[in-house]
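Here are the chains, one letter per residue:
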Amino acid sequence: MWHLLHVTIHLCYFAINIANALESHLISKGLLRRYKSLHISKLQYLAIVIESEDCRTSNVIELLQWLADLGVKHVCLYDMEGILKKSKDFILEKFDGATLFQENDVLLDQPLMTLEFASLSDGKEAVAKAANVLFMKYLKSGSTSSYQGEQIFTESQMGEALKTVGGNGPEPDLLLVYGPARCHLGFPAWRIRYTEIQHMGPLKSMKYGSLIKAIYKFTMVQQNYGK
Amino acid sequence: MERIRERVIQIYGNLVSLLQKCIFCILSVGPIPNHIAFIMDGNRRFTKKCKLMEGAGHKVGFSALMSMLKYCYEFGVRYVTVYAFSIENFKRSPEEVQSLMDLMLKKIEEILRKQSIVNRYGVRVIFSGNLKLLSEPVRLAAERAMLATAKNSKAVLSICVAYTSTNEIMHAVQESCEEKWDEITLLNSSGAGYGLISLGGYEQDEMDHLIKLTDIEKHMYMAAAPDPDIIIRTSGETRLSNFLLWQSANCYLYSPSVLWPEIGFRQFLWAILNFQQIHFYLDKLRKQS
């Protein structure tokens, strides 16, 4: 009975995927009016999370080309195991529309796309390193007598400490997950407080139309930020 | 006539309950999530949509929460976490914040009563967050609830109030630093310090790793619960809004489009089915990291 239930779910998803593929085809041909004009300027920083086993550089380069065509200026590529980080030079060489992200790039209007590469070690481990930076600073400042019970560190000090250990790039507005499930796979926690997270399916079956749809959906979102 | 109507409703209720139990039986052949977290979004939109009085959406939302807790505990989910009040929510109008605090106080008293869900399922209640930011009556009620349910051991309900992930991480880092400072002071005063206060006795490499990841993790507000398997955020919103960012690396994120007060068995079922479909993959990720 359980197996029957899950086979039914598989069939439902199969039908949904066919419908999505058709819609994606129509979007990429420009036949659906709604998706014709994207307010791309709303997307300041985009993160792409890819399942490490799926990290084919040819697919990644094609995806970057699509993003460049759409006018996306700043992209962070993330996978848990750091395979994209290791292929950084190869990707930058093959995709000549981008440069490596430097800290102040988001403020400047660049002709080329900036690319950041991140992995699991830029998440929790970076926070541990930043904790040590803060601890050292505090010991050296000599004001440890007021340690107990009060708030010693602020979130902005934490942000600065993360920057010094290389773990605090900009907060992405949108995070697209290319993998089997909608799961952010350990993208640095400090950076995804209000990031919209969308699931795109496996990288090998990526579609241009689905990318447009995901970005369009993002541009339609209104956030209250808790208020 | 009235009695017949009541009887029909009772029979219908029993049938629905029986059907739900049957579905749970079938589902329990597959993996059961150990921890489900909820972001209860959409209470104010529900109030507007149904043209109710201000605050009514949150009251209906509370009933929805009770239903979801019942489904979770009946199905065998041991840990449930809810995002009840974010630190950012303090920026709302003082009247709204006060009415939410009043509702929280009233509901804390309610859940401690004998026949409530907490006692029926043996649930230990934990309030996670910067409780010092709460007004005294609410904080004391929360502490009373934690004390009263401390011996319950069948399930855990973590209620995140005055909580954000970044505040949780910050707090854990601070607690780790204080603990390390106490350790160093103790070593120093026992004469075994090797000049630890000036840190002359440490190599640079050791100084970079005085505070370990495990120190930080044990000081998180949510340390009493394992990482969530599913996070459900209603109203179709796809962001986490500073909730469980640290703990959700290998967690299935589900965003049904219904508003929180409208959530029901259908959405719970769909979340479980999807979780079971990808459980093998999520388990593999957990073992890797």
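Residues numbered from 1 in each chain as written. Chains lettered and ligands numbered in written order. Predicted model: local features only at pLDDT ≥ 70, side-chain atom pairs only at ≥ 80, totals over all residues. Heavy atoms only, no water.

Per an unreviewed UniProt entry, chain B is named Alkyl transferase, and its organism is Gossypium tomentosum. You can read under Pathway (unreviewed entry) in the UniProt record for chain B the words "Protein modification; protein glycosylation." (UniProt positions renumbered as here; feature names shortened; annotations may be inferred.)

Annotation of chain A in UniProt includes, under Cofactor (unreviewed entry), the sentence "Mg(2+)".

Novice: Describe the overall build of chain A, listing the residues and the values that go with them.
Specialist: Secondary structure summary: chain A contains 7 helices and 6 strands in total. For chain A, the N- to C-terminal ordering of α and β elements is α-β-α-β-α-α-β-β-α-α-β-β-α. When its C-alpha atoms are laid out on the principal axes, chain A stretches across 65 × 55 × 40 Å. In chain A, which comprises 227 residues, the proportion classed as buried is 49%. By sequence separation, contacts in chain A at least 24 residues apart represent 70% of the contacts at least 6 residues apart. Averaging the coordinates of the 24 positive side-chain charges in chain A and doing the same for the 23 negative ones gives two points 6 Å apart. (Helix = DSSP H or I, 4+ residues; strand = E, 2+ residues; numbered from the N terminus. Buried < 20%, exposed > 50% of the residue type's maximum accessible area, 1.4 Å probe, protein only. Contact = heavy atoms within 4.5 Å. Lys, Arg positive; Asp, Glu negative; His and termini not counted. Charge placed at Lys NZ, Arg CZ, Asp CG, Glu CD.)

Novice: Would you mind going over the overall build of chain B in detail, with residue names and values included?
Specialist: Looking only at helices and strands, chain B features 10 helices and 6 strands. With respect to the principal axes defined by its C-alpha atoms, chain B has extents near 85 × 45 × 35 Å. Long-range contacts, defined here as pairs at least 24 residues apart, represent 77% of the contacts in chain B between residues at least 6 apart. Here chain B has roughly 14,100 Å² of accessible surface; of this, 57% comes from carbon and sulfur atoms. (Areas by Shrake-Rupley, 256 points an atom, 1.4 Å probe, with all protein chains shown as cover.)

Novice: How would you explain the interface of chain B and chain A if you had to name every residue and give the values?
Specialist: With 61 residues of chain B at the contact, the number on the chain A side is 54 residues. When chain B packs against chain A, the two sides together hide about 5,200 Å² of surface, and 63% of this comes from carbon and sulfur. On the chain B side of the contact with chain A, Met-170, Trp-181 and Arg-239 of chain B bury the most area, a combined 12% of that side's loss. Two residues, Lys-124 of chain A and Glu-217 of chain B, come together in a salt bridge whose shortest N-O distance is 3.3 Å. (Buried area = accessible area lost by both parts, 1.4 Å probe. Salt bridge = Lys/Arg side-chain N within 4 Å of Asp/Glu carboxyl O.)

Novice: Account for the pattern of salt bridges, naming residues and giving values.
Specialist: A side chain with one charge can pair with a side chain of the opposite charge if their charged atoms come near. Throughout the structure, instances matching the rule amount to 25 salt bridges over all chains. The residue Lys-107 of chain B makes a salt bridge to Glu-110 of chain B at a minimum N-O spacing of 3.3 Å. Taken together, the residues span about one helical turn, with Lys-107 of chain B and Glu-110 of chain B both in helix α4 (residues 94–111) at a distance of 3 residues. For Lys-107 of chain B, a relative accessible area of 15% translates into the label buried. Overall, the relative accessible area of 26% leaves Glu-110 of chain B in the partly exposed class. Ionic contacts of the salt-bridge type, sharing partners, join the residues Glu-196 of chain A together with Asp-41, Arg-45, Arg-233, Glu-237 and Arg-239 of chain B into one network.

Novice: Help me get a handle on the sheet that holds strand β2 (residues 79–86) of chain B, residues and values and all.
Specialist: Residues and elements named next belong to chain B. Pairing is parallel across the open sheet formed by 6 strands, whose spatial order is β3-β4-β2-β1-β5-β6. Each edge of the sheet is formed by a strand with only one pairing partner; in this case those strands are β3 (123–128) and β6 (252–254). Along the sheet, successive strands turn relative to each other by an average axial angle of 20°, direction set aside. The sheet contact formed by strand β5 (residues 230–233) and β6 spans 3 bridges and is parallel. (Pairing = 2+ DSSP bridges. Axes fitted to C-alpha atoms, helices over the stretch in contact; angles between N-to-C directions.)

Novice: Just give me the short version of the domain arrangement of chain A, but keep the residues and values in it.
Specialist: Residue and element names in this part refer to chain A. Taken as a whole, chain A is organised into domain 1 (6–122 + 168–220) and domain 2 (125–162). On a C-alpha basis, the centres of domain 1 and domain 2 stand 34 Å from each other. Counting residues at the interface gives 4 residues for domain 1, matched by 6 residues for domain 2. Together domain 1 and domain 2 conceal approximately 520 Å² of surface at their shared face, both sides included; 62% is due to carbon and sulfur atoms. A per-residue breakdown of the area domain 1 buries against domain 2 is headed by Ser-121, Asn-168 and Trp-190, which together make up 83% of the total. (Domains from an automatic or database assignment.)

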